[in-house]
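What the coordinates show
Residues per chain, in single letters:
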Amino acid sequence: MRHTFASVQLDARESVVSVSKWLGHSDPSITLKIYAHMMPEADGRGRAAMDAWFEGGS
């Protein structure tokens, strides 16, 4: 249940910091090491944000 809970929360784009606290991890990096595979779109969101920023101004 714990893994499922964390996976569903991260897939729903909940904050890694929040999920880490809920799971009782001492540091969000622990959460990322275990559950980063549940965030495959994260890389694309970052690129899209930079693209939007570059398109918006000079």
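The structure we're discussing is the one just above.
As the structure is a computational prediction, the values presented were derived from the model and not from experiment.

1. Topic: the packing of helix H2 (residues 16-23) against helix H3 (residues 28-35)
Interhelical geometry of H2 versus H3 gives an angle of 95° and a closest axis separation of 8 Å. By the criterion of interaxial angle, the relationship of H2 to H3 is roughly perpendicular. Counted together, Val16, Val17, Val19, Ser20 and Leu23 of H2 and Pro28, Thr31, Leu32 and Tyr35 of H3 form the full contact between these two elements. Residues of the contact of H2 with H3, tallied by class, amount to seven nonpolar, two polar and no charged.

2. Quick notes on the nonpolar core
Side chains of a nonpolar character, in soluble globular proteins, are inclined to be buried together. Counting seven residues, the largest nonpolar core consists of Ala6, Leu10, Val16, Val19, Leu23, Tyr35 and Met39. At three residues, H2 tops the list of elements feeding residues into this core. Setting aside residues no more than four positions away along its own chain, leucine 10 makes contact with Val16, Val19, Tyr35, Met38 and Met39.

3. Some thoughts on a nonpolar patch on the surface
On the surface, a nonpolar cluster with roughly 400 Å² of combined accessible area is contributed by Met50, Trp53 and Phe54. When its relative accessible area of 55% is taken as the criterion, phenylalanine 54 is described as exposed.

Calculation notes
By convention here, each chain's residues receive numbers from 1 onward along its written sequence. In keeping with the model being predicted, local features are shown solely for residues with a pLDDT of at least 70 and side-chain atom pairs are shown and tallied solely at 80 or more, while totals for entire chains, interfaces and linings include all residues. Remark: hydrogens and water are excluded; side-chain values derive from all non-hydrogen atoms of the structure. Where helices are involved, their axes are fitted lines through C-alpha atoms of the stretch in contact, as for all axes, and angles between N-to-C directions lie from 0 to 180°. To qualify as a helix, a DSSP run of H or I must reach at least 4 residues; to qualify as a strand, a run of E must reach at least 2; elements of each kind are numbered from the N terminus. If an angle is under 35 degrees, it is roughly parallel; if it is over 145, roughly antiparallel; if it lies from 65 to 115, roughly perpendicular; otherwise it is oblique. We call two residues contacting when some pair of their heavy atoms lies within 4.5 Å. Asp, Glu, Lys and Arg are counted as charged, while Ala, Val, Leu, Ile, Met, Phe, Trp, Tyr, Cys and Pro are counted as nonpolar; the rest, among them Gly, fall into the polar class. For our purposes a nonpolar core is just a set of buried Ala, Val, Leu, Ile, Met, Phe, Trp, Tyr and Cys residues, chained together by side-chain atoms within 4.5 Å. Only protein chains enter the calculation, and the probe is 1.4 Å; a residue is then buried if its accessible area is under 20% of its type maximum, exposed if over 50%, and partly exposed in between. Any residue with relative accessible area above 30% and no salt bridge may belong to a patch, with like charges joined within 9 Å and the nonpolar Val, Leu, Ile, Met, Phe, Trp and Tyr side chains within 5 Å. In short, Shrake-Rupley with a 1.4 Å probe defines the accessible areas, and a residue's cover is counted only from the protein chains shown. The salt bridge criterion pairs a side-chain nitrogen of Lys or Arg with a carboxyl oxygen of Asp or Glu, the two atoms within 4 Å.

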